[in-house]
Amino acid sequence: MEELKAFEGKKIRSVWDEEKQRWFFSVVDVVEILTESVDASAYWRKLKQRLKLEGNESVTNCHGLKMLAADGKMRMTDVLDTEGVLRLVQSIPSPKAEPFKTWLASVGYERLEEIANPELAINRMREIYLEKGYSEEWIETRLKSIDIRKSLTDEWGTRGIVENREYAILTAEISKGTFGMTPGAYKRYKNLTNPLDNHRDHMTETELLFTMLGEVTARRNSRNTNAQGFKENFDAAHDAGKAAGAARRAFEDVQKESVVSSSNFKDEPEKKQRNKVRDE
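Just so you know, these numbers come straight off a predicted model, no measurement behind them.

Draft legend 1. Representation of the environment of Y186 in the model. Along the chain, Y186 falls in helix α9 (residues 183–189). Taking the C-alpha atoms as reference points, Y186 and V260, separated by 74 residues in sequence, lie 9.0 Å from one another. With residues near it in sequence (within four places) discarded, Y186 still touches S175, F179, M181, H199, M203, E207, V260 and S261. A polar side-chain atom of Y186 sits 2.5 Å from a polar atom in the side chain of E207.

Right, here's the structure in full:
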């Protein structure tokens, strides 16, 4: 699963390969950080040609993976594992080379720690959300939603869902049934324009609760019907979204307000600051 790592505030697209037990990093992202180039892709193309002529192993071991691009689409990009990135760093003169090597080592060490003790990963995630200003209550709900999401995708994986596109379609079907809109539409509704924004990080606690209800129900449906392959799991996801949507509407009838909110967390710190100034 793709993740974003940060070095000095700049994001690096990364993927953890469970089978090989190693990280793979976007080469272009690494090059951009080391060179501060406005066109890291062009820099990498030229460097790649030179390294090939020199027989450098960092290019020999380089391969492509689909990663989320700035335009919001999944595009092939060159990736290297930790060893390959270290060789690449040696080929690029940069004052950031040494601190980047230290950072790279820490990423690998942290992952080994988290594999041995998953609680560390949860604690690190909690700290990140706290630093961003989220409440303790919201964080607990968000972490639970992440756990439920992983349980669902793991379940799908054992039932023949292998392509990212299939995961996305099944997820969209649950969301449509639960909230009346796909994740992409939800992002637009919340005015999230950055392709890398996760709309779940901008949900209210109630929105997260109904998201969890839809995904727990989808997992149970797949198990109860022993769904195999895309079509059967799609039917299970459809029924789960339908059930969660009915529960949402019943909740709204009692509460006399909509569960679906157009607010996003990016606006919240500004609102709180304005309220603080007003109260003072």
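Draft legend 2. Here's a closer look at helix α7 (residues 136–158). Spanning 23 residues, α7 covers 34 Å between terminal C-alpha atoms, matching the ideal 33 Å at 1.5 Å per step. Along α7, the positions that sit buried rather than exposed are W138, I139, T141, R142, L143, S145, I148, L152, T153, E155 and W156. Phi turns positive one or two residues past the end of α7, at G160, with a value near 95 degrees.

Draft legend 3. Highlighting unusual backbone geometry. Of note, the phi angle at N191 is positive, near 60 degrees, even though the residue is not glycine. Relative to the elements of secondary structure, N191 occurs in the loop between α9 and α10 (205–224). Judged by relative accessible area, which is 57%, N191 ranks as exposed. Even without glycine at this site, K256 takes up a positive phi of about 60 degrees. Note on placement: K256 falls in the loop between α11 (229–255) and α12 (268–279).

Draft legend 4. Representation of the nonpolar core within the structure. Counting 26 residues, the largest nonpolar core has F25, W44, L88 and F100 as the members making the most contacts within it. Where this core is concerned, the elements lending two or more residues are β2 (10–17), β3 (22–26), α1 (27–35), α2 (40–54), α4 (82–90) and α5 (97–116). Of all the elements, α1 adds the most residues to this core, at six residues. With 15 residues, the next largest nonpolar core counts Y134, L143, A185 and F265 among its residues.

Draft legend 5. Main features of the packing of α1 against α2. Look at α1 against α2: their axes get within 9 Å of each other, and the N-to-C directions meet at 100 degrees. Judged by the angle between their axes, α1 and α2 are roughly perpendicular. The segment α1 lies against α2, with V27, V28, V31, E32 and T35 engaging A40, S41, Y43 and W44. Among the residues making up the contact of α1 with α2, the classes are represented as six nonpolar, two polar and one charged.

Draft legend 6. Looking closely at the pattern of salt bridges. Under the criterion given, the structure shown has 18 salt bridges. Residue D78 pairs with K48 through a salt bridge whose shortest N-O separation is 2.9 Å. With a gap of 30 residues between them, D78 in strand β5 (residues 74–81) and K48 in helix α2 connect regions that are remote in the sequence. By sharing partners, the salt bridges in this structure join R149, R200 and E215 into a single network.

The rules behind the values
- Residues numbered from 1 in each chain as written.
- Predicted model: local features only at pLDDT ≥ 70, side-chain atom pairs only at ≥ 80, totals over all residues.
- Heavy atoms only, no water.
- Helix = DSSP H or I, 4+ residues; strand = E, 2+ residues; numbered from the N terminus.
- Contact = heavy atoms within 4.5 Å.
- Polar contact = N/O pair within 3.5 Å; in protein donor to acceptor, adjacent residues only side chain to side chain.
- Expected span 1.5 Å × (residues − 1).
- Buried < 20%, exposed > 50% of the residue type's maximum accessible area, 1.4 Å probe, protein only.
- Core = buried A, V, L, I, M, F, W, Y, C linked by side-chain atoms within 4.5 Å.
- Axes fitted to C-alpha atoms, helices over the stretch in contact; angles between N-to-C directions.
- Parallel < 35°, antiparallel > 145°, perpendicular 65-115°, else oblique.
- Nonpolar A, V, L, I, M, F, W, Y, C, P; charged D, E, K, R; others polar.
- Salt bridge = Lys/Arg side-chain N within 4 Å of Asp/Glu carboxyl O.

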